Every structure is written in structure tokens, then in C-alpha cells.
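Each chain, letter by letter, is given below.
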Amino acid sequence: MNIKSLTVGPIGTNCYLLCDEAAKACAVVDPGGDAGRVAAAVAETGCTPCAILLTHGHYDHTGAVGELQAKWPEIPVYLNRRDVYDDAYTQQLFPPLSGDVRDYDEGDTVAVGGLTVSVLATPGHSEGSVTLRCGDTLFCGDTLFAGSCGRTDFPGGSMEKMMASLRRLGQLEGDLRVLPGHMEASTLDRERRTNPYLLHAMQ
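Glancing now at helix H5 (residues 159-170). Counted at 1.5 Å a residue, the expected span for H5 with its twelve residues is 16 Å, and the 16 Å between its end C-alpha atoms agrees. By the burial criterion, the buried members of H5 are Met162, Met163, Ser165, Leu166, Leu169 and Gly170. For H5, the angular spread of the buried residues around the axis is 165°, confining them to a single face. Those residues of H5 hidden inside the fold are in contact with strand E8 (115-121), strand E9 (130-134), strand E11 (144-145), strand E12 (148-149), helix H6 (188-194) and helix H7 (196-202). N-cap assignment for H5: the residue whose side-chain oxygen lies 3.4 Å from the backbone N of Glu160 is Ser158.

This next bit is on the sheet that holds E8. With mixed pairing, the six strands of this open sheet are ordered in space as E7-E8-E9-E10-E13-E14. Two strands lie at the open edges of the sheet, namely strand E7 (109-112) and strand E14 (186-187), each paired on one side alone. The sheet contact formed by strand E10 (residues 137-141) and strand E13 (residues 177-180) spans four bridges and is parallel. Note that in E13 the partner of Thr137 across the bridge is Arg177.

What follows concerns the environment of Ser126. Structurally, the position occupied by Ser126 is in the loop between E8 and E9. Note: C-alpha distance between Ser126 and Asp34 (92 residues apart in sequence) is 23 Å. Leaving out residues up to four positions away in the same chain, Ser126 has contacts with His56, His58, Asp83, Phe94, Gly156 and Gly157. For Ser126, the side chain forms a polar contact with the side chain of Asp83, separated by 2.8 Å.

A few words on the sheet that holds strand E5 (residues 77-78). For sheets, the rule is that strands pair by backbone hydrogen bonds, running either parallel or antiparallel. Sheet architecture is open: six strands sit in the order E1-E2-E3-E4-E5-E6, paired in mixed fashion. This sheet does not close on itself; its edge strands, each paired only once, are strand E1 (2-8) and strand E6 (101-102). Alignment of strand E2 (residues 13-20) against strand E3 (residues 25-29), held across five bridges, turns out to be antiparallel. Of the residues in E3, the one forming a bridge with Tyr16 is Val29. Helix-sheet contacts for helix H1 (residues 35-45) involve E1, E2, E3 and strand E4 (48-53), and the interaxial angle to E1 is about 160°.

Once that is clear, we can look at the environment of Ala39. Of note, Ala39 is situated in helix H1. For Ala39, a relative accessible area of 11% gives the class buried. For the pair Ala39 and Trp72, spaced 33 residues apart in sequence, the C-alpha to C-alpha distance is 9.5 Å.

This next bit is on the pattern of salt bridges. All told, the structure shown has eleven salt bridges when counted by the stated rule. Arg190 is the partner of Glu184 in a salt bridge, and the nearest nitrogen-oxygen pair spans 4.0 Å. Residue Arg190 is classed as partly exposed on the basis of its relative accessible area of 33%. One salt-bridge network, in which partners are shared between bridges, spans Arg81, Arg82, Asp103 and Asp105.

Of all eight residues that make up E2, eight are buried, and the element is covered over most of its length. The side-chain alternation of E2 yields two buried faces, one formed by Thr13, Cys15, Leu17 and Cys19 and the other by Asn14, Tyr16, Leu18 and Asp20. One ladder, built from seven bridges, connects E1 with E2; its direction is antiparallel. Within the sheet, the bridge partner assigned to Asn2 lies in E2 and is Cys19. From the end of E2 to the start of E3, which pair antiparallel, there are four residues, and Lys24 there has a positive phi angle of about 55°.

For the rest of this paragraph, the subject is the environment of Val110. Checked against the element boundaries, Val110 lands in strand E7. What makes Val110 buried here is its relative accessible area of 7%. Expressed as a C-alpha distance, the spacing of Val110 and Ala51, which sit 59 residues apart in the sequence, is 8.6 Å. Not counting residues within four places of it along the chain, the set of residues in contact with Val110 comprises Leu53, Tyr78, Tyr104, Leu115, Thr116 and Val117.

Parameters and conventions
- Residues numbered from 1 in each chain as written.
- Predicted model: local features only at pLDDT ≥ 70, side-chain atom pairs only at ≥ 80, totals over all residues.
- Heavy atoms only, no water.
- Helix = DSSP H or I, 4+ residues; strand = E, 2+ residues; numbered from the N terminus.
- Expected span 1.5 Å × (residues − 1).
- Buried < 20%, exposed > 50% of the residue type's maximum accessible area, 1.4 Å probe, protein only.
- Arc of directions from axis to C-beta.
- Contact = heavy atoms within 4.5 Å.
- Polar contact = N/O pair within 3.5 Å; in protein donor to acceptor, adjacent residues only side chain to side chain.
- Pairing = 2+ DSSP bridges.
- Axes fitted to C-alpha atoms, helices over the stretch in contact; angles between N-to-C directions.
- Salt bridge = Lys/Arg side-chain N within 4 Å of Asp/Glu carboxyl O.

Read these as spatial facts, not as claims about activity.
Structural data, given as C-alpha cells:
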């Protein structure tokens, strides 16, 4: 397993390429913008993209999806259905996606070559926020940040649910890698020691 990180889009979203180098397959996690850069980075890995995985539906995590779908029309996009909205006002934050968009939720898995990505429902930042686990790595989206957590004042946000989601992540066994949607990477042990939101959630 190899993971490449790019900072993309208007507010510096972390986009990750999750690669199974043996199978020459990869998934793109949260392509929030700069589709050309993302596609070039995928080409550099030598892997064939097999899925776009979204931790939630906010525009800064989905901004490059349409262009990547046009380039790779055969690959599916995964997004939790609770982050799909019909009203025009909310769609400014949660832009509608088209094409082969598939729902995934708690307990689902997605294969990336020989790798298995497991879905953990972690609402709070949005109703449909998920954390994606592959081996010892957590793609946390805007749930858990290094030293912080995602805001909860957007549509579908809930501080109560955020605390429950943080508590759930904090109770996972092992010192897992934390790859957040913004800012630097961390580890679960570090966050359990120093993150005030996680510490509060674990009380």
C-alpha cells in the first residue's frame, strides 16, 4: 500500500491517492479541485484508477469529481446518501454529482486492487460524513484533524454527533495513521494525548 497526498482546491483540501502497487490499482480520495494535477499524479503512480471515494459531500472535497469522471467515465464515485440534497440553497455547499455515484455507509467495503477500504459512519461535520479505513490508516475527512475537529455549523452538522464520532475513533485500537481533510497528518495516539476535542469526547 502506498499513499500520495496532494493539496488541492480553493481552501487547501487534502486529496489522497491510495495505491495497491502490486495490482496497479488506485483510488482517489476527496478530489476537491485541480483535476489536472490529480490526474497527472495518478498517472505518475503507474496505477489505474478504480474508484473515487468521498468522505463527505462538501464542494471543497468534490470539486474535481466531474472533470475526473469525464476523463475516467468507467470508474464509480462513492458518497454517503445523507450528503445528497435536493434544494438549491444547500446544493451550494453540497454540489450535486452525476454519473455512476454509489451510496456507501457503515460496514460497507470497497476493493482497491487487493486492498480493502472499510467505511465507518462518522457524522458531525455533515450528516453523511464517513471515515475510510484501510489497514492502519484512517482517511478522516473533516471529522478528526491534527489537534482539532471539523466545524459543525453547516447544514447537517451536529456537535453532539461529532463528539460521538470522535469518541468512536478514539476508541479504535492501535496507533493508526490519521490522514485528515485539511492540514497535516497525525497519529491516533498523538490525538488521544493532545487533541482537546478528542479528549473531551473520550471523557
